Structures are given as C-alpha cells and as structure tokens.
Amino acid sequence: MRGRNDGGQSKRPVVLFCAMVVCLCLLFLYFSGSNRQAGSVALEYGTKFSRSLGWGSEADGGDGSEESIFGTGDANDVKLRSFPVCDDQYSELIPCLDRNMIFQSRMKLDLNLMEHYERHCLPPEKRFNCLIPPPHGYKVPIKWPKSRDVVWKANIPHTHLAKEKKDQNWMIVAGEKIKFPGGGTHFHHGADKYITNIANMLNFKDDSINNEGMLRTVLDVGCGVASFGGYLLSSNVIAMSLAPNDVHENQIQFALERGIPAYLGVLGTKRLPYPSRSFELAHCSRCRIDWLQRDGILMLELDRLLRPGGYFAYSSPEAYAQDEEDRRIWREMSSLAERMCWKIAEKKDQTVIWVKPLNNDCYRSRPPGTNPPLCKSGEDPDSVWGVTMEACITTYPEQMHKDEGSGLAPWPARLTTPPPRLADLYVTADTFENDTEMWQQRVDNYWKLFRPKIKPDSIRNIMDMKANFGSFAAALKEKDVWVMNVVPHDGPSTLKIIYDRGLIGSTHDWCEAYSTYPRTYDLLHAWTIFSYLDKRGCSAEDLLLEMDRILRPSGFIIVRDKAHVIVFIKKYLNALHWEAVSVVDAEPGPASDANEMILVIRKKLWLPEGGST
C-alpha cells in the first residue's frame with residue numbers, strides 16, 4: 001500500500017535506482033564539462049541579477065568585487081525576457097527625491113533648512129528596480145517650439161497650479177492640453193516684457209538681455225514652470241531653471257515637458273551641483289527663499305556661482321517695502337549685500353538688481369572681523385557633490401582678480417574659444433580644439449545613423465551622461481536642441497569648462513538616480529559611462545533602468561563603449577522595450593578609444609496595459 005513501510009527488502013531497489021541516477025548525472029557533467037558554459041552562465045547571471053533587484057543577499061555567493069558587472073560578455077548568455085513593471089502610483093517616481101520614502105524611512109531632517117527636498121537615496125537592495133510606466137493616455141510630447149506654450153494634459157495630469165496661480169497666468173487648462181501664457185508671480189503680463197525691463201534697467205544695448213553676447217548663462221531660482229527661462233532662449237541666453245519637488249507640484253516636470261532646460265534642486269544645506277563662477281545672472285521672482293537665514297548662507301551660495309560682475313535680479317515685496325516686516329527684511333538684505341561687496345546696479349518698482357565686484361579689492365578693504373568672512377584659502381569652490389554650504393565669501397583666483405573678469409569671449413564665439421580656466425586642469429588650447437573637432441565628426445556620424453528614424457523636430461531635450469569638455473553639446477549648435485552636460489562627481493572638474501563655453505550641466509554620481517522626473521529626455525548620450533560604472537562596481541542593470549526612467553517613450557540612446565558592453569546591453573533590449581536602430585564600429589580615434597562600438601537604441605512607446613507601438 002502507498003505509504004507502507006515494508007522494511008529493508010523493499011528499500012533495496014529504490015537505493016539502487018537512486019545510485020544509478022547519481023552516477024548518470026556525474027557522467028553527464030563530466031562529459032559535458034567543456035560545453036556547459038551557457039548553463040553555468042545562466043545560473044550565475046540569474047543569481048547576480050536577483051541580488052541587483054534586492055531579491056537575494058550576499059549569502060548567495062561571493063561579494064563579486066573582482067568580477068566585471070558585465071559577466072562574461074558572451075553573446076550566448078541568457079537574454080532577460082522581462083522586467084517587472086512598477087505600480088501606476090510610481091509613474092512619476094524620482095528615487096532620490098521621493099518624499100514618501102523619506103517619511104517611511106523616518107529620517108531626521110530639518111524642515112526649516114529644506115533638507116527634506118535634498119537628495120536622499122535608498123541603498124541598492126531597497127530600490128524600485130522596475131520599469132516606470134507612463135500615465136494612462138500618455139502621448140508623444142508636442143514638439144518644440146510649440147511645446148513652449150502647450151503640452152498634453154495626459155502626460156502631466158496635474159492642474160493644481162492652474163487653479164492656485166490663475167491670476168498670475170502660469171498655466172491654463174484647455175481641454176486635452178495645458179497652455180502656458182508666459183506669466184509669472186511678478187510678470188503677469190508675460191516673461192518677454194519682464195526680461196526686456198531687466199535689460200533696460202541694466203542699460204543693455206537695444207534692451208537685449210544677452211548684452212551683445214556677454215550675458216549667456218542664467219540661474220533661475222524658484223523658477224515655477226520656467227517661463228522666464230523659456231523666453232530667454234530666443235535671446236540666445238540659456239537658463240538653468242531650478243526648483244524643488246515641493247508643494248507646487250510638478251513645476252520642473254512641466255518645464256522639461258515644454259522643452260525648457262530645468263533641474264530639480266533646492267537651496268538647502270548642500271552646495272548646488274554647479275561649479276563656481278558659472279552664471280552671469282541669478283534670478284529670483286518671488287521665490288519664497290529666506291535669504292537672511294544662517295548668516296546669509298544662501299545668498300553666499302549665489303555669490304559662489306556668479307561670475308565677476310555678475311548680477312542678481314530680485315523681484316519681491318521686500319524690494320519695494322510695503323510694510324514694516326518687508327522694510328526690516330530689506331534693510332537686513334541690503335546690509336548683507338553691502339558687506340558681500342555687492343552694489344545696487346538699479347532698483348525700480350518691484351525689482352532690484354545687485355552686481356558682484358570684478359576683483360578682490362573690496363573684499364580686501366573690509367574692516368577686520370567683518371561678516372561674512374572670506375572662505376579659507378585652499379578650499380575648492382568647485383567641489384560640490386554632497387559638499388555642505390559655508391557662510392563665507394568665495395574670492396577670485398589671483399589671475400581672475402588681475403584680469404577683472406572671467407576673460408570669456410562673447411557668445412557664440414565662446415563656444416569654441418579655449419577658456420582661461422583650462423589652465424586649472426592643465427589642459428592646452430590644442431587639446432581643447434582637437435576635442436571639439438573630434439566630437440563634431442562623431443556627432444555628424446551619429447546623425448547619419450539616425451537619419452532613417454528621426455525627423456528634424458524629433459529631439460529637443462538631450463543629456464550627455466559623461467560630458468568631459470562639452471564638445472558633444474557644442475557640435476549640436478546648429479540643432480534646435482539643448483543639452484544637460486553631466487560630469488561624474490569623482491572625475492576632473494571639467495564642468496566649469498562647460499559653463500565657460502556658454503553651456504549648462506550638473507555634477508552627478510551615476511551609481512544613483514538623477515534628479516529629474518521620468519520621461520524628460522529625448523536623447524541620452526552614454527559615452528563610456530558603463531565602463532566607468534564597471535570600475536566603480538555599481539549595478540549596470542540599475543543604470544539601464546534609470547536610463548529608461550528618464551528617457552521619453554520613442555526617445556533615443558547612443559551608447560558608445562567597449563564591444564563587451566554593447567553585447568551586454570543588447571541582452572536587455574526586449575526586457576526594456578527597447579529596439580536597436582544601429583550597431584556599428586566606432587570611427588577611428590585616440591588609442592584610449594580603441595575597440596569602441598556605437599549602439600543606437602530607440603525606446604518603444606509601451607502602455608501600462610501591456611501594449612506597445
């Protein structure tokens with residue numbers, strides 16, 4: 001009977017049978033030893049992948065410290081069939097700026113210092129390693145330049161600001177679309193008129209804000225939906241529009257959907273991810289920032305970021321002192337600015353514009369003990385990633401002091417003119433010019449690969465994930481695009497060269513998620529970023545998922561890297577709903593670029609219900 005114990009006689013056939021099975025298995029493993037690679041790799045890959053998703057633990061195997069994150073690089077390795085899809089509630093997830101995560105983690109943060117709006121990343125084992133779905137009804141974004149003024153409501157289904165700011169003309173809901181009339185808290189009648197007024201206050205020729213090419217880069221703090229930055233573009237001025245992921249929901253998401261350069265950030269406790277002396281103009285229009293807190297530390301951060309002779313345009317009730325509290329704030333701000341050696345360039349109606357000195361003379365002539373103090377010599381004003389702000393004045397290097405200015409050519413000549421700060425990096429003008437020429441050739445080749453797949457207006461928002469000197473972006477000068485140039489935080493501080501060329505960008509650590517909403521870039525350029533990640537020992541799968549998160553459906557990726565990296569990425573195409581457009585050997589270049597290949601990828605438009613186009 002089934003389950004009956006009949007003693008040793010009945011067990012003997014079972015034991016013999018089991019012994020035979022074991023012998024056969026050992027023989028199979030022995031004779032297939034030289035041809036078992038695919039099976040063993042599949043097991044190893046599955047284990048490593050489960051750890052990268054937080055499904056496994058270090059007990060699953062060794063720490064992998066000497067193993068490449070790309071495994072064997074064998075084209076016969078198992079291809080991943082699918083990634084899990086995140087729940088719809090995460091369609092706008094920003095992993096390192098997720099306030100729900102901060103609340104659930106019970107972090108002790110100072111709300112008064114805006115620490116809850118700063119970056120706080122989960123450890124790898126707790127990350128949301130899944131595909132971020134687009135919202136229901138998502139459509140391919142409206143193309144630039146129309147997108148400056150109108151976007152699809154389905155792509156950003158938030159109308160809170162339209163109601164809250166209806167008297168200020170920020171945005172208007174119109175059926176299936178959201179329109180942007182160009183208004184702001186202090187420029188209800190349009191950003192264009194407001195910009196002209198600022199140029200007029202500064203006596204710029206023809207009331208043109210670009211000041212004959214000498215004003216090119218702007219930092220717009222508390223930018224709202226970035227209409228100020230959007231309207232600057234027609235004057236060949238580019239703004240880094242900055243706002244936190246705060247109660248004014250989705251400001252930066254609206255800005256990027258419109259095709260306007262923008263970044264999620266806050267003036268809190270850490271330096272902004274931009275090098276010193278990057279901007280000709282800082283702007284705040286009713287940005288609700290307490291500039292007097294902590295001995296004026298936030299104004300001093302703006303001071304670090306402004307070039308010699310740079311301006312701070314401030315539009316707020318304090319500037320025209322309506323009541324006693326406004327007058328008190330104005331008196332204290334004026335005193336702080338004076339001790340920082342700022343002077344009022346012009347004050348009119350609701351706006352005041354301060355100007356920063358051209359050299360160190362004023363700093364050196366201040367009475368001893370004057371606050372804020374000068375920053376200590378030897379401190380690097382360009383070190384920004386995770387660096388705490390200090391309430392001190394960043395003085396100019398001696399050469400800049402002697403030159404009484406940044407020494408930059410006017411735009412557009414500055415795009416290709418070697419800037420003086422190349423000397424900080426011990427880079428010659430010849431190296432800079434050769435790099436510019438090389439990337440022009442590379443970009444021309446990229447566009448030949450694109451030609452069958454894209455229309456002239458297909459691409460607007462571009463990110464160069466490892467930008468070096470910004471020559472990739474410079475090569476796109478004739479295209480109607482803008483580029484977020486990202487420089488790895490642990491490499492040479494080339495971001496200051498990028499800003500000196502009249503371009504914009506940020507510092508970042510690609511072992512973490514980038515500070516932007518999902519679906520905000522049309523093209524990602526990944527030059528050796530995976531090889532860089534391999535040296536760091538971070539997860540390549542995490543980076544692929546992050547790239548998918550920030551890439552718009554129907555957007556493109558250019559991966560330029562070693563052949564084994566290309567082989568690795570191709571295994572994930574189906575799982576990520578990506579398709580290969582082209583795979584070619586890279587054109588000849590420096591010896592360091594030997595064995596590089598180019599993989600052009602397009603992201604399919606897939607829907608939460610499982611469909612794709």
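What you see is a predicted model, and the numbers here were worked out from it, not measured in a lab.

Caption draft 1: Looking closely at the overall build of the protein. A count of helices and strands for the protein gives 18 helices and 17 strands. Considering only intrachain contacts with a sequence separation of at least 6, the fraction spanning at least 24 residues in the protein is 70%. Of the accessible surface of the protein, which amounts to about 27,800 Å², a share of 52% is contributed by carbon and sulfur atoms.

Caption draft 2: Structural view of the confidence of the model for the protein. On average, the protein scores 87 in pLDDT, and the residues at 70 or more come to 86%. Predicted confidence for residues 26-65 stays below pLDDT 50, and this span has 35 contacts to residues more than four positions away or in other chains.

Caption draft 3: Molecular detail of the state of the cysteines. For the coordinates displayed, the defined rule picks out six disulfides. Between the sulfur atoms of Cys86 and its disulfide partner Cys130 the distance amounts to 1.8 Å. Residues Cys86 and Cys130 share a disulfide whose torsion about the S-S bond is about 95°; that sign makes it right-handed. Pair noted here: Cys86 is in the loop between α2 (37-52) and α3 (99-104) and Cys130 is in the loop between α3 and β1 (150-152), with a separation of 44 residues, a long-range link.

Caption draft 4: Structural detail: the pairing of strand β11 (residues 461-464). Side chains Asn461 and Met463 of β11 all project onto a buried face; the interleaved residues Ile462 and Asp464 project onto the opposite face, where all are buried too. Strand direction decides the pairing type here: β11 and strand β12 (residues 482-488), joined by four bridges, are parallel. Its bridge partner lying in β12, Asp464 is registered against Asn485. Relative to strand β14 (residues 521-527), β11 runs parallel, the two sharing three bridges. Within β14, the position partnered with Asp464 by the bridge is His525.

Caption draft 5: Region of interest: the sheet that holds strand β13 (residues 504-508). Pairing within the open sheet is mixed, and its seven strands lie in the order β13-β12-β11-β14-β15-β17-β16. In the strand order of this sheet, the two ends are held by β13 and β16 (578-585), each with one partner. On average, each strand axis in the sheet is inclined to that of its neighbour by 15°, with strand direction left out of account. Across the sheet, helix α17 (residues 540-550) touches β11, β14, β15 (551-562), β16 and β17 (596-603), and the angle it forms with β15 is around 140°.

Caption draft 6: Just the packing of aromatic side chains, in detail. Scanning the model with the defined rule gives 27 aromatic pairs in all. On the numbers, 5.8 Å between centres and 25° between planes, the contact of Trp330 with Trp354 is stacked. Of the two residues, Trp330 is situated in helix α10 (residues 324-339) and Trp354 in strand β10 (residues 351-355); the sequence distance between them amounts to 24 residues. Take Trp330: its relative accessible area is 15%, and that puts it in the buried class. An aromatic cluster is defined as three or more aromatic residues linked by ring pairs; in this entry it consists of Tyr263, Tyr274, Phe279, Tyr499, Trp510 and Tyr514. Here the guanidinium or amino end of Arg258 rests over the ring plane of Phe180, the centre of that ring lying 4.2 Å away.

Caption draft 7: Region of the structure containing the environment of Ile198. Note on placement: Ile198 falls in helix α5 (residues 191-201). Separated by 150 residues in sequence, Ile198 and Lys348 have C-alpha atoms that sit 9.6 Å apart. Sequence-distant contacts of Ile198, that is, excluding residues within four places in its chain, are made with Ile209, Phe228, His283, Ala313 and Ile353.

Caption draft 8: View of the pattern of salt bridges. The full count for this structure, using the stated rule, is 25 salt bridges. Salt-bridge contacts for Arg552 lead to Asp522; the nearest nitrogen and oxygen are separated by 3.0 Å. Pair noted here: Arg552 is in strand β15 and Asp522 is in strand β14, with a separation of 30 residues, a long-range link. For the pair Arg552 and Asp522, one class covers both residues: buried. Salt bridges sharing partners connect three or more residues here, namely Glu280, Arg307, Arg414, Arg421 and Asp500.

Caption draft 9: Quick look at the side chain of Asp500. With respect to the secondary-structure elements, Asp500 resides in helix α15 (residues 495-500). Taking relative accessible area as the criterion, Asp500 reaches 3% and is therefore assigned buried. Leaving out residues up to four positions away in the same chain, Asp500 has contacts with Arg277, Arg307, Leu408, Arg414, Pro419 and Arg421.

Caption draft 10: Local environment of unusual backbone geometry. Each neighbour pair has its own omega, and for Trp144 with Pro145 the value is 10°, a cis peptide bond. Assignment of secondary structure puts Pro145 in the loop between α3 and β1. A cis amide bond links Trp411 to the next residue, Pro412, at an omega of 10°. With respect to the helices and strands, Pro412 occurs in the loop between α12 (398-403) and α13 (429-450). Even without being glycine, Arg519 reaches a positive phi, approximately 60°.

Caption draft 11: Region of the structure containing α10. Taking 1.5 Å per residue as the helical rise, α10 with its 16 residues ought to reach 22 Å, and the 23 Å between its terminal C-alpha atoms agrees with that figure. Every buried residue of α10 is listed here: Asp326, Ile329, Trp330, Met333, Leu336 and Ala337. For α10, the buried positions fall inside an angular range of 130° around the axis, keeping them on one side. Packed against the buried residues of α10 are α8 (293-305), β8 (306-315), α9 (317-320), β9 (343-348) and β10. Downstream of α10 by a residue or two, Cys341 has a phi angle that is positive, lying close to 75°.

Caption draft 12: Region of interest: the sheet that holds strand β3 (residues 177-179). If you walk across this open sheet you meet the three strands as β1-β3-β2, and the pairing is antiparallel. Only two strands of the sheet have a single partner each, and these edge strands are β1 and β2 (172-174). With direction set aside, neighbouring strand axes in the sheet form an average angle of 30°. Here β1 pairs with β3 via three bridges, running antiparallel. Directly across from Val151, in β3, lies its bridge partner Ile178.

Rules and cut-offs
The written sequence of each chain sets the order in which its residues are numbered from 1. Per-residue local features of the predicted model are confined to residues with pLDDT of at least 70, and side-chain atom pairs are confined, for both listing and counting, to 80 or more; whole-chain, interface and lining totals are unaffected and use all residues. Each side-chain value is worked out from all heavy atoms of the structure, with water and hydrogens disregarded. A run of H or I in DSSP becomes a helix once it reaches four residues, and a run of E becomes a strand once it reaches two; helices and strands are each numbered from the N terminus. Every residue pair with non-hydrogen atoms within 4.5 Å of one another is taken to be in contact. The method behind every accessible area is Shrake-Rupley, applied with a 1.4 Å probe, and residues are considered shielded solely by the protein chains displayed. As a per-residue measure, pLDDT tells how confident the predictor is, with possible values from 0 to 100. Cysteine sulfurs are considered disulfide-paired once they come within 2.5 Å of each other. Exposure categories follow from relative accessible area, calculated using a 1.4 Å probe and restricted to protein chains: below 20% of the type maximum is buried, above 50% is exposed, and the middle band is partly exposed. DSSP bridges decide pairing: two strands pair if at least two such bridges lie between them. Between N-to-C directions, angles span 0 to 180 degrees; the directions come from axes that are lines fitted to C-alpha atoms, helices contributing only their stretch in contact. Ring pairs are drawn from Phe, Tyr and Trp, using the six-membered ring of Trp, whenever the two centres fall within 6.5 Å, and their geometry is named by plane angle: stacked under 30 degrees, edge-to-face over 60, tilted for the rest. The rule for a charge over a ring is simple: NZ of Lys or CZ of Arg within 6 Å of the ring centre, and within 35 degrees of the ring normal. Put simply, a salt bridge is a Lys or Arg side-chain nitrogen that is within 4 Å of an Asp or Glu carboxyl oxygen. To estimate how far a helix should reach, multiply one less than its number of residues by 1.5 Å. The reported arc concerns the directions from the helix axis to the C-beta atoms and nothing else.

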